[in-house]
Structures are given as C-alpha cells and as structure tokens.
Amino acid sequence: MAEAADFQGTSASPARRWLRRTGALLAGAPLLAGIVQLPAATPADAAGQESPQAASSAGSVAVAVDSLTPSTPSESDTVTVSGTVTNNGKQTVTRAHVDLQVGPPLETRSSIDTLAKKSDDLQGPSGEKVGGKYTEKFSALTPGVAEPFSISVPAEKLDLGRDGVYQLAVALSGETAAQPWDQVLGIQRTFLPWHPEEADTKTKTTFLWPLVSSAHMAAETGSNEQQTPVFRDEELAEEIAPGGRLDQMVSLGKGLDITWVIDPDLLASVDAMTGSYQVRGADGTTTPGKNQEVAKHWLAELQQAVTGEEVAALPFGDPDLASLAHNGTNVTGSLSHLKEATDVAAETVDTILHVKPSTDFAWPVDGAVDPSIVKVATSAGADKVIARGDSLQDNLSYTPSAARPIGGGTTAVVADSRMSTAFQGDLTRASASTLAVQRFLAQSLTLGLQTGKQRNVVIAPQRMPSVSQAQAMAEALAALQGGNWSESQDLTAAAKAKPDPAAHTKVPPASAYPSSLRKQELPRAAFAQIARTQGKLDKFKVILTRQSRVVTPFGRAMNREMSTSWRGRGVAAVGYRDGIESYLNDLIDGVKLIQKSETKLSGRSATIPVTVQNNLVQGVENLELRLTSKNPTRLKIGGDAYEEQHVTVNGGHAQSVKFTTTANANGRAEVEAQLYTEDGQKYGEPVVFDVRVTEVTPTVMLVIGGGVLLLVLAGFRMYTQRKRAAAREAAEDDTAEADAEADGPQSQAGAPQNPEASGARLEEETEAGSRADAPEQPSDPAPDTAAESADPSGTGERVDR
C-alpha cells in the first residue's frame, strides 16, 4: 500500500530542540562513518578466527528489551529500558557495556514494518548514542549466561524533536580475545512514540475485544426434567478458571474502552456449567462436573465488565461465513442454520448478561471478503461486515476511515490490518510482547499524523488470543488510551462515520481470497452431513409430545458444527459431527417395533398383535402402524391387503396394537409391520414375519356335522318312543275306568284321585327324562379378541381366535 513519504498536518516542534538535534547528527556523521568502517579495516586473525565483519553480522550477544516505560513518554517523564543480554558465543566478552541509541523519526507506516523485521540486524541503522552516564557496564559476559540491565534516562536527554515515531536501539558493545577492540556484538531496536502534547485532531479508535471459544457442549442431555447438559471435556472450565485465557480476557478488558464481541454459545455453555452438568470422559462414561462456582464467578465478572459498554453478538456458535459461502450454499438448509443462529443470539446475550447486544455485524475470518461472503453474511439480517485492510485494499497515500459503502445497503467496516495483526505469534517472551506493544503504538501515531483530518480506525485482532497476546493487547490499549493522539469510539459509531470518498469500495473477487484461508475451510461434506442430521431431526420431532427437549439442543449443536473454531481441525470436526448424528440415531431407534417370530393362525379369523416399544423419556404420538399382507389372497388384514391404526405410547412403555385377520387358504403368508408419521413418511425399520395358516378342512367339518346329525336323530327317536308309550298307558287307564263304572263303586284307596293331574305328572316326567337325555345346547360364541400380553411373541406363537 502506497504511503506519503512525509507527514501532512504534523504539529510544530520547538526550534531549539530541532536545531540541537540536527547539529548533533551532522557533527556525529563522520565519527559514525569511521566506526562503521573500523571492523572492515582490521585484518583477520592469522589463526583462522572469524573476520570482524562476519562476527558483527552474527550478533553473538542477544539483546532482549523486556520493558520500556512509559510506552508513550512526555517531556517530564523518565524513560526506563530494562532487559537482558546473553552471550551466545564461545568466547567471553570483556569491557561490555549497554547503550541507548536514538534514530531519526520514521516517516511512514511501511518503514515501521521494515525496521520491525530487522530489529536485531547489526548492519541496520542504529542512531545516535545517548552516552554519558546513561549506560550500563559489565566486566565480563560469560558464554550462555544472561545478565540483566536497566537504564533510565530523562526524556529531555533523548533530544527528541517533532512529534513522531523514533527508533530506539539498545546495543551491547564489547571485546573478545579474537577481536580485541570495542564493537557492537548485539542490538535490539524498538519504537518510541513521541507526542507530548494533546493533538488538535485525535484519531477515533475502536478496539474489538473478542470472547470466543471452541465448541464444548454435546447435543446429549440428561433424561431428567432439567435435561442435565453434557460437556465433551473440561477445557472450558480451564479457560474461565483464574489465570485461564477467558478469565484473563475478562479481567484485562474490564476498565478499557472497548467493544465486546461475544459468541453467545460461550455464554450459554458457561451458564450451563453453573448448575448440574456431566463431563464425558475418553472411555465414553460421564462424571459429574465440579466447576459450578468457577462458572458463576466468571459470569458475574463479565456482567460487571460489560455494564455500560457496547456488546456486539456474533451468530450462535460463530459460524464460518466463508466456508458457508464457498461450500455450503448449494446444500439445502445451510443458510437457514445461519438465520437461526442469528435469531437466537440477541436473546441469549440479553438473558445471561442483561444487556441488549447489536446483531448488525458479521465478522468473516481474518476480515477476508469476496462477493459470496458478503452475500451470505448479510443474508441473516446483518448489514455491516467487518473486513480488513489487506482484503479491501486502498491505493492511497494515507489510511482512510474504516466505514465505506459496498452496495446493497451494506457497510464494510474495514479494520486496520497492521494494528489488527500486531499481537499475533508467540508473545510469551517479555521482549516479544514489548516489541509488539511499541510497534502497535507506533503504527497508531504514524496513522494519526498522516493528515490533518480526523479519521476512524477499527482494530479487529485474532478471534481467540492467548493469555500472553491478551496481556500485550491490554497493555498497548491502556497506553493508547492514555496517550495524546487517540480517543475511543464504539463500533456502531465507527460504522456510522462519514466514509472517505477516495476509499476503495469494490469487494475483491473470489479469486483474490487467500488460498491459505481457503484450505482451512469446512468442506461441502460437512454441510451435507449437517443437512442429513437436520432431515432426521425433522422426521423425528413430529412424533414427540415435547419437541423442545430434542429440537433445541440439537439445533444449537448443529450451529456449533459450522463454527469458525473448526478451521485447521478437520479430524476433530468430523468426530464432533459424527457424534451428534450418532446420538440422534440412538434416540430415533428408541421408538421401534418389537421383532416377531413366525405366527400360527388356526382358524378362519384371528387377531395378530404388534408391539411398539418407546424407550424415550417422553411420550410419542402422531404415529400410524400399518400391517400389510404380502399375500392377500391367502391372508387379509382388516378385510383388505393392509390396515392402519393410530399409535400413542408413553415414555418408557410398550404398546400392543391388534389387527384382525381373515384366512382364505392354508399355507404361509408374509406380513410386514411398518411405522409411519402422519405425513406418510416411513419411521424406523419394518418388521417382517410369517403367518402360517392352518384352516379347518372340509372332511373334518363333515365328520363334525355327521355327529351332530346322529345326536339329533337319536333324540328324536327317543322322544317318539316315549310319546307312544304314554299313549298306550292312557288307553289302558281309560279301559280300567270303564270296567270300574260297570262294576259299581269300588274302594278308591291307593288309586289316583285326579287322572288329569296324574297324566300331567307323567307327561312332565316324560319330558324331563327327554330333556335329561338330550344333548347340551351350545352357549353364545366366545369373542375373537381375548386379553393379550404386551410382551413380545415367542417362537411359533399362536394368536387369539
């Protein structure tokens, strides 16, 4: 990026300081030239030691500047530089001394980059030595031993001129046995921003402070009413514990003028840890989590830190917008997941932190954009995209303000690439951290001095800074906010600022997207698997009586499957997706048909039971069970080829459903039982079993009919015979009465007094005897469906007739 060679609109400097500074430089120029030429003029040792030039280039002594305070001094301050010098050579360094050297102002931002890359190069410019008593001496530096140093010098002794960024070098000079003359053996350069008075026009600076983590929660929850969450590990507890990464982000960010950028998934995960939770171990078993108090403390600290500050909420789970744009848009349903993640973001943050966040901002990885990324980023409702200057580049001699319109009502908020990447890399060493802080401040001041116009700059650092990176960020930001050339501004205000008309507004094409970032993207297969899981969930949820117990945890889990945190972790990402889909499969299989063995049907009609097992905690409904005969000419179900019945099963229970069958012929008939949802979609695997029909034969029916006929004929014959006998007895009685009347009155003792009654009794006795001898009459037929057990049918089971 082109930059102006000179500053525009810089503040005036005291004439006395400038003249003294210029005179000192002119007077010291010949001396410096002689010093530079001195090693080259010295002959190499005859024994074959390294030449002075080679030794100078090697830098046998490492100089580390561990602290520079204050980072942005004023005229009344004392600048203290502390660190260590370590002799990495094989020879002892004698008459060693550490000096401070001040170089001329660095005119452009690119010159700061160049110097930072060669901060320990002995051949580079070193500047004018402060000298005098502002030096530290060592009698000897033993190989491999680090010696500390600390030099304090009043700012006025540094002879700094006009406002700007100065090179400050710490040089170690000394002698060795092979090179017995004073020479620079090690150097470390850093930057000293100099702006002692308040600027007339300050740069408005927005610093994004990201609270983002990787996915820690599984889709699995406990079967209790509270749905106890299950965590994949205890890494989140380590991050929020005292001294952990996220604990440091909160404690360091508290009190700074920043815009908090938060992934709602992080808040939801920590909030879940405040109650009962389970942690899954490597062996698959779960144990109770024990970090409730840690989670409560972290949330309380965060709630306090964000009070009165701007909070921008990312979509739930921080979806990878670039991966979605490049590999997911042609997979059905992918964009709907982004919309859901955006919709739930504001509610999550508001519920847990009690602040209303902004959801207008989308933040692609590293601020790299192309047209497809912008389209996806704004599809869920965001109208501002946080880009970066190395993606949306400008061909200007200065750095324009962050906000710029890119069409379609969308604003690109372009973060400064130099300042946003200042804290990347390993900053665990104090020297690396100090250099990063001073370089950040130098870039900020140089940017502010480029023009006399006020500009808005946004800094968007890496999403998940380490502890050392976060500490360096906080140190630099505190120094910047305590300086004289910058003032803080919220992200929303930066996005609304008046755009620079000369700034570039065209989004770069897809071909310009960095290949290094493209290689880390989630593949299309990832989005296809997410879509497959969603399809299974859609079919499953319609049968549930309490859908939210399943839909919510799985919906959030699928948001996490699209997370930016999976970049560069392809194997782990596949494992996470497989685990979620596998768990959903287990839940779906919890509602199934019990397998049946061969069923025997002895008779023309019978009922066949089919059992539905529900192993879920909640009940299921909206299911239809269809029993189909594969051979309806032999066996009909409900009078046709198949019959359907509605199924409702309580949680943890089984339900048997009975189907009426009619047999038309002997033999085997294959029958299939299949569950369906109300919309006609198959649910689960079918159960297929055989029904063996053993229908009663015609011969047996004839035998039974003949027996019944014989019984009827025998009864009729006995009845006829008894009627004839009764008639004969009546005739005999009539003859006897006639003879008696002819003979006259006779004694009635022992004779029947009432012949009609006697005859009636005889008839009753005859009929009673006939009924006693007659075959028993059949009662009402028994019902087809008897009480039936819900247990699975056994081998060779017989059904009710």
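Residues numbered from 1 in each chain as written. Predicted model: local features only at pLDDT ≥ 70, side-chain atom pairs only at ≥ 80, totals over all residues. Heavy atoms only, no water.

(A) Summary view of the packing of helix α8 (residues 321–328) against helix α9 (residues 334–353). The N-to-C vectors of α8 and α9 enclose an angle of 160°; their axes lie 10 Å apart at closest approach. Compared by their axis directions, α8 and α9 come out roughly antiparallel. Handedness of the crossing formed by α8 with α9: left-handed. Contact residues: α8 offers L321, L324 and G328, while α9 offers S334, L335 and L338. (Axes fitted to C-alpha atoms, helices over the stretch in contact; angles between N-to-C directions. Helix = DSSP H or I, 4+ residues; strand = E, 2+ residues; numbered from the N terminus. Parallel < 35°, antiparallel > 145°, perpendicular 65-115°, else oblique. Left-handed = near helix turned anticlockwise from the far one by under 90°. Contact = heavy atoms within 4.5 Å.)

(B) Structural detail: the sheet that holds strand β17 (residues 384–388). Within the open sheet, the 4 strands sit side by side as β16-β17-β19-β18. Their pairing is mixed. The open sheet terminates on both sides in strands that have one partner only, identified here as β16 (361–362) and β18 (403–405). Pairing geometry for β16 and β17, over 2 bridges, is parallel. Across the sheet, residue F361 finds its bridge partner in β17, namely K384. (Pairing = 2+ DSSP bridges.)

(C) Fine view of the nonpolar core. One finds F540, F554 and L625 to be the most contacted residues of the largest nonpolar core, which totals 76 residues. Of all the elements, helix α18 (residues 570–589) adds the most residues to this core, at 7 residues. If you look at the next biggest cluster of nonpolar residues, it comprises 67 residues, including A199, W209, V311 and L477. (Core = buried A, V, L, I, M, F, W, Y, C linked by side-chain atoms within 4.5 Å. Buried < 20%, exposed > 50% of the residue type's maximum accessible area, 1.4 Å probe, protein only.)

(D) How the structure looks around the packing of aromatic side chains. Under the counting rule described, the total for this entry stands at 6 aromatic pairs. Relative to F440, the ring of F207 has its centre 6.2 Å away and its plane inclined at 65°; by these criteria the two rings are edge-to-face. In this pair, F207 sits in strand β9 (residues 203–211) while F440 sits in helix α12 (residues 430–448), placing the two residues 233 residues apart along the sequence. Accessibility assignment for this pair places F207 and F440 in one class, buried. Where F423 meets F440, the ring centres are 5.2 Å apart and the plane angle is 45°; that geometry is what we call tilted. Of this pair, F423 sits in the loop between α11 (417–420) and α12 while F440 sits in helix α12; the two residues are 17 residues apart in sequence, bridging distant segments of the chain. Considered together, F423 and F440 belong to a single accessibility category, that of buried residues. Among the aromatic residues, those joined into a ring-pair cluster are F207, W209, F423 and F440. (Phe/Tyr/Trp six-rings, centres within 6.5 Å; stacked < 30°, edge-to-face > 60°.)

(E) Here's a closer look at the confidence of the model for the protein. Overall, the prediction assigns the protein a mean pLDDT of 85, with 82% of residues at 70 or greater. This model gives residues 1–58 a pLDDT under 50, and the stretch forms 68 contacts once residues within four places in sequence are excluded. Here residues 744–795 is modelled with pLDDT under 50, and outside its nearest four sequence neighbours on either side it reaches 33 contacts, counting other chains as well. (pLDDT = per-residue confidence, 0-100.)

(F) Representation of unusual backbone geometry. Note the cis peptide between T69 and P70, where omega equals -10°. Relative to the helices and strands, P70 is located in the loop between β1 (61–69) and β2 (78–87). In this structure, D366 takes a positive phi of about 55° despite not being glycine. Within the secondary structure, D366 sits in the loop between β16 and α10 (371–379).

(G) Representation of the sheet that holds strand β10 (residues 217–221) within the structure. Taken in spatial order, the 4 strands of this open sheet run β10-β11-β13-β14, and their pairing is mixed. The open sheet is flanked by β10 and β14 (286–288), the only strands paired with a single partner. Averaged over all pairs of adjacent strands, the angle between strand axes in this sheet comes to 35°, irrespective of strand direction. Of the strand pairs in this sheet, β10 and strand β11 (residues 229–231) are connected by 2 bridges, and their pairing is antiparallel.

(H) Focus on the pairing of β2. Most of β2 is tucked away: 8 of the 10 residues are buried. Examined bridge by bridge, β1 and β2 share 8 bridges and lie antiparallel to one another. Residue V63 lies in a different strand from β2, and its bridge partner there is V85. As paired elements, β2 and strand β6 (residues 146–154) share 9 bridges and run antiparallel to each other. Across the sheet, the residue bridging to T84 is P148, located in β6.

(I) Here's a closer look at the pairing of strand β25 (residues 620–629). Here 7 bridges tie β25 to strand β27 (residues 642–649), and the two strands are oriented antiparallel to one another. The partner of L623 across the bridge, within β27, is V647. Pairing between β25 and strand β29 (residues 667–677): 7 bridges, direction antiparallel. Looking at β29, one finds that E624 is bridged to Y676.

(J) Geometry of α10. When we look at burial in α10, the residues that qualify are I373, V374, V376 and A377. The arc that holds every buried residue of α10, seen down its axis, measures 165°, which confines them to one face. Contacts made by the buried residues of α10 are with α8, α9, β16 and β17. Remark: G381 follows α10 within two positions and exhibits a positive phi of approximately 120°. (Arc of directions from axis to C-beta.)

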